[in-house]
Amino acid sequence: MAITNNEELLLAKKQIIEVAKELHEVGLLVRTWGNLSQRVDNDTFIITPSGIKYEDLTPEMIVKVNIHDLSYEGDVLPSSEKAVHAACYKVRKDVDFIVHTHQVYASCAGTLGIKKILTYFDDEDMVIPVAPYALPGTQKLADNVEMTLKKFPDINGIIMANHGTICLGRNSKEAVFEAEKMEVACHNFLSDVCKTDMNHGVEEGFSSHLENGEIVYDIPDTPQRVKNIHKEIYRRRPDVKYIVHNKSEAVMTVSRRANHMRPLLDDFAQLIGYSIKVPSNEQGRDGDSYHNIKKHVNAIFALNDGAYCVGKTYDDAMAVAIVLDKGCIAHISVMRHGEGHYLSLLECFKMNHHYRKSYSKLAEK
């Protein structure tokens, strides 16, 4: 239904913010990742901005965008995925609300290199198409989503490979339900097909932060072995002020193997890095290898002891911990499935560079 006056437009912007906060609270949206939009009429839609936390949104920050040429009103930058939303509205005239998330289990299912997920929800069979991979924010990604929607005209939820989901509805309630349904269905798929039944989250071990140049440990009786790792991280990374030690089930599982984690997800490459090593027990130095403490890698694994996630602020370090856990679930799922689609080194480098130079600075601002 078209929005015809400024009063209705303001109400629509407030509704987008309300829905975004609800999805943020239940974990389907994290920090500034993902976006929501609503159709205004046949030529325009409103969408959440780029680089602003959902809890900080105001109606003035919701941006009106032209469906046809992606021009927008005002000084606030719309989401970098505005082209994807525009493509959806052009293909699906029945859709008035769109939710794009980086939700955990659907995103992980989208790394397996398959064209559609055959799963179930409430004992009913369900098909979830997977749009081919393209770099985030590109016209190629929008074209891939458009192609997939045309191929599956009756489907309201698709996965963008190695990225996240696009969920469609005639209203916000339908779009949100689609996101929730996909997450349950993809969790079922990972459990049944990949034998990966893992809860997503952060299990903190021994964390710390700097105060006036001194290390303050969250747990007073932190083992000396762990303190040595913290000290080395702060020494080699003067930009780091917080360390969150993540010992979740998935992170611990990965830390038990000598491995080289290749990124499977866009947000992993952006936020954590593109060359993640898990130390082995070479020369008897169990858990005492620091070879992966380097400038643009924000997670440092310790053998059989999880990973140390770093950042300038506690929120930054915790965001790394959250994304790392999801990345580890994806990694384990691909290993158990026997195949997957990894991001190329060039793709990872481009995303990591763009995030550091542009997106993260926009978020800070």
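It should be noted that the structure appears before, not after, this text.
Residues numbered from 1 in each chain as written. Predicted model: local features only at pLDDT ≥ 70, side-chain atom pairs only at ≥ 80, totals over all residues. Heavy atoms only, no water.

Draft legend 1. Here's a closer look at the overall build of the protein chain. Along its length, the protein chain carries 10 helices and 15 strands. A globule of 365 residues ought to have a C-alpha radius of gyration of about 21 Å, and the protein chain, at 21 Å, matches this closely. Counting only C-alpha atoms and orienting by the principal axes, one finds that the protein chain spans roughly 65 × 45 × 35 Å. Within the protein chain, buried positions represent 55% of all 365 residues. (Helix = DSSP H or I, 4+ residues; strand = E, 2+ residues; numbered from the N terminus. Rg over C-alpha atoms; globule rule 2.2 N^0.38 Å. Buried < 20%, exposed > 50% of the residue type's maximum accessible area, 1.4 Å probe, protein only.)

Draft legend 2. Summary view of the nonpolar core. Ranked by size, the top nonpolar core spans 79 residues in total, and within it L36, I159, I272, F301 and L324 carry the most contacts. No other element matches the 12 residues that helix α9 (residues 314-337) contributes to this core. Core analysis: the second largest hydrophobic core is formed by 23 residues, I67, A86, Y89 and L141 among them. (Core = buried A, V, L, I, M, F, W, Y, C linked by side-chain atoms within 4.5 Å.)

Draft legend 3. Seen up close, the pairing of strand β15 (residues 307-311). Taking burial as the measure, the 5 residues of β15 include 5 buried ones, the bulk of the element. The alternating pattern of β15 places A307, C309 and G311 and Y308 and V310 on opposite faces, both of which are buried. Strand direction decides the pairing type here: strand β11 (residues 242-246) and β15, joined by 5 bridges, are antiparallel. Within the sheet, the bridge partner assigned to Y242 lies in β15 and is G311. Summarising the sheet, strand β14 (residues 299-301) and β15 pair through 3 bridges and their orientation is antiparallel. Counted as the bridge partner of F301 is A307 from β15. (Pairing = 2+ DSSP bridges.)

Draft legend 4. Looking closely at the pattern of salt bridges. A complete count under the given rule lists 12 salt bridges for this structure. Here R225 ties to D305 by a salt bridge, and the two come within 3.2 Å at their closest N and O atoms. Taken together, the positions of R225 in helix α6 (residues 224-236) and D305 in the loop between β14 and β15 put the pair 80 residues apart, joining distant regions of the chain. Across the pair E232 and R235 runs a salt bridge, and its minimum N-O distance is 2.7 Å. With E232 and R235 both in helix α6, this residue pair falls 3 residues apart, about one helical turn. (Salt bridge = Lys/Arg side-chain N within 4 Å of Asp/Glu carboxyl O.)

Draft legend 5. Looking closely at unusual backbone geometry. Within the chain, D122 stands out as a residue other than glycine whose phi angle is a positive 50°. Structurally, D122 can be placed in the loop between β5 (116-121) and β6 (124-131). Classification of D122 as exposed rests on a relative accessible area of 60%. In this structure, N162 is a non-glycine residue whose phi angle is positive, near 60°. Here N162 is to be found in the loop between β7 (157-160) and β8 (164-169).

Draft legend 6. Representation of the sheet that holds strand β4 (residues 97-101). With mixed pairing, the 8 strands of this open sheet are ordered in space as β3-β2-β1-β4-β8-β7-β6-β5. Edge positions in the open sheet fall to β3 (63-66) and β5, since each of these has one partner strand only. With strand direction ignored, the average angle separating the axes of adjacent strands in the sheet is 25°. Two elements, strand β2 (residues 44-47) and β3, share 4 bridges in a ladder whose sense is antiparallel. (Axes fitted to C-alpha atoms, helices over the stretch in contact; angles between N-to-C directions.)

Draft legend 7. Structural detail: the packing of aromatic side chains. Counted according to the given criterion, the structure contains 4 aromatic pairs. Here F121 and F177 contribute two aromatic rings whose centre-to-centre distance is 6.1 Å and whose plane-to-plane angle is 80°, an arrangement assigned as edge-to-face. Placement of the pair is F121 in strand β5 and F177 in helix α5 (residues 172-193), with a sequence separation of 56 residues. On the accessibility criterion, F177 (41% relative accessible area) is partly exposed. Judged by centre distance (5.8 Å) and plane angle (70°), the rings of Y274 and F349 are edge-to-face. Pair noted here: Y274 is in the loop between α8 (266-271) and β13 (276-278) and F349 is in helix α10 (residues 345-364), with a separation of 75 residues, a long-range link. (Phe/Tyr/Trp six-rings, centres within 6.5 Å; stacked < 30°, edge-to-face > 60°.)

Draft legend 8. View of the packing of helix α2 (residues 82-91) against helix α4 (residues 139-151). Two elements in contact, α2 and α4, have axes whose closest approach is 8 Å; the angle formed by their N-to-C orientations is 25°. When the axis of α2 is compared with that of α4, the two are roughly parallel. For the element pair α2 and α4, the recorded crossing hand is right-handed. Only Q139, L141, A142, V145, E146, L149 and K150 of α4 make contact with α2, whose side of the interface consists of A83, V84, A87, C88 and V91. Within the contact of α2 with α4, the residues separate by chemical class into 9 nonpolar, 1 polar and 2 charged. (Parallel < 35°, antiparallel > 145°, perpendicular 65-115°, else oblique. Left-handed = near helix turned anticlockwise from the far one by under 90°. Contact = heavy atoms within 4.5 Å. Nonpolar A, V, L, I, M, F, W, Y, C, P; charged D, E, K, R; others polar.)

Draft legend 9. Fine view of the environment of H187. When you line up the elements, H187 lands in helix α5. Separated by 129 residues in sequence, H187 and D316 place their C-alpha atoms 27 Å apart.

Draft legend 10. Inspection of helix α1 (residues 6-25) at higher detail. For α1, with 20 residues, the first-to-last C-alpha span of 29 Å sits near the 28 Å given by 1.5 Å per residue. Turning to α1, its buried residues are L9, A12, K13, I16, I17, V19, A20 and L23. Looking straight down α1, one finds its buried side chains confined to an arc of 165°; they lie on one side. Within α1, the exposed residues directed more than 90 degrees away from the buried face are E7, L11 and E25. Buried residues along α1 sit against β1 (35-39), β2, β4 and α5. The N-cap of α1, judged by a side-chain oxygen 3.1 Å from the amide nitrogen of E7 a few residues on, is N5. Directly beyond the C-terminal end of α1, a positive phi value near 90° is found at G27. (Expected span 1.5 Å × (residues − 1). Arc of directions from axis to C-beta. Polar contact = N/O pair within 3.5 Å; in protein donor to acceptor, adjacent residues only side chain to side chain.)

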